[in-house]
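Given next are the chains, with one letter for each unit.
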Amino acid sequence: GENVEQHPSTLSVQEGDSAVIKCTYSDSASNYFPWYKQELGKGPQLIIDIRSNVGEKKDQRIAVTLNKTAKHFSLHITETQPEDSAVYFCAAKRGADGLTFGKGTHLIIQP
Amino acid sequence: DSGVTQTPKHLITATGQRVTLRCSPRSGDLSVYWYQQSLDQGLQFLIQYYNGEERAKGNILERFSAQQFPDLHSELNLSSLELGDSALYFCASSVNSGGAGGGGALHFGNGTRLTVT
């Protein structure tokens, strides 16, 4: 089945700096790649997603890039703010299969 | 607020017991997914239902079962509970079946925290 590796497990950045989280996937047939943000005591919330026919997608301060050849995708957050502190999960999906999640990245925004 | 409602929020029970977790999807969503979140295993896909029918199966134990009712709410039944079943159980819903197209945003509830003692 699909396997998703996510790095780093913890990322600490200064407020206002950029943060990058990287994921690799194993199944070349995966065609949907969402990113979720999970705050303490809450369920994961979808923040951005990308399909395999697109290389990059941007939504305000958040962007995702996908390299199908290398089977990796990344989340970029610019101008980080305190409210960006959370655990971020990448995921991959092939067809009708369920989402396979990475282990998560704890993002800490230092004031 | 995602619009997905899970009850109860917390559940404490003993080994060997049976519990039922309930999920009401967002209005208009036909698919319901169940996930288990633990510190060591992360978020694990258990099972998906679409419009009352089982659609996809993940790492769901034989002691666990689920169903989706005509009103689209879903229940996850966990039986013969073991200490290792202690985890957060999330329900998510989506509009479509998440089929060959792959996509379909999942909207998660806030989970049920199960503690088995």
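Since the model is a prediction, treat every value here as computed from it, not as a measurement.

Parameters and conventions
Residues numbered from 1 in each chain as written. Chains lettered and ligands numbered in written order. Predicted model: local features only at pLDDT ≥ 70, side-chain atom pairs only at ≥ 80, totals over all residues. Heavy atoms only, no water. Disulfide = S-S within 2.5 Å. Helix = DSSP H or I, 4+ residues; strand = E, 2+ residues; numbered from the N terminus. Contact = heavy atoms within 4.5 Å. Buried area = accessible area lost by both parts, 1.4 Å probe. Salt bridge = Lys/Arg side-chain N within 4 Å of Asp/Glu carboxyl O. Polar contact = N/O pair within 3.5 Å; in protein donor to acceptor, adjacent residues only side chain to side chain. Nonpolar A, V, L, I, M, F, W, Y, C, P; charged D, E, K, R; others polar.

A.B. asks: Hey, could you run me through the state of the cysteines in this one?
C.D. replies: Simply put, disulfide is the name for a covalent bond between the sulfur atoms of two cysteines. Residues and elements named next belong to chain A. All told, the structure shown has two disulfides over all chains when counted by the stated rule. Two residues, C23 and C90, share a disulfide whose sulfurs are 1.9 Å apart. Its S-S torsion of about -100° marks the bond between C23 and C90 as left-handed, since a negative value means left-handed. Of this pair, C23 sits in strand β3 (residues 19–25) while C90 sits in strand β9 (residues 86–92), placing them 67 residues apart in sequence.

A.B. asks: Teacher, can you tell me more about the interface of chain A and chain B here?
C.D. replies: It is common to report an interface's size as the accessible area lost on association of the parts. The partner chain B presents 23 residues to the 18 residues of chain A that form the contact. Of the roughly 1600 Å² buried between chain A and chain B, counting both surfaces, carbon and sulfur atoms make up 53%. Area buried by chain A at its contact with chain B is led by P44, A96 and F101 of chain A, which between them contribute 26% of it. Our enumeration of links across chain A and chain B arrives at zero salt bridges. The interface formed by chain A and chain B contains four residue pairs in polar contact (both at pLDDT 80 or more). Counting residues per element, the side of chain A that touches chain B draws most heavily on strand β4 (residues 32–38) of chain A, at three residues. Here the side of chain A that touches chain B is composed, by residue class, of eight nonpolar, six polar and four charged.

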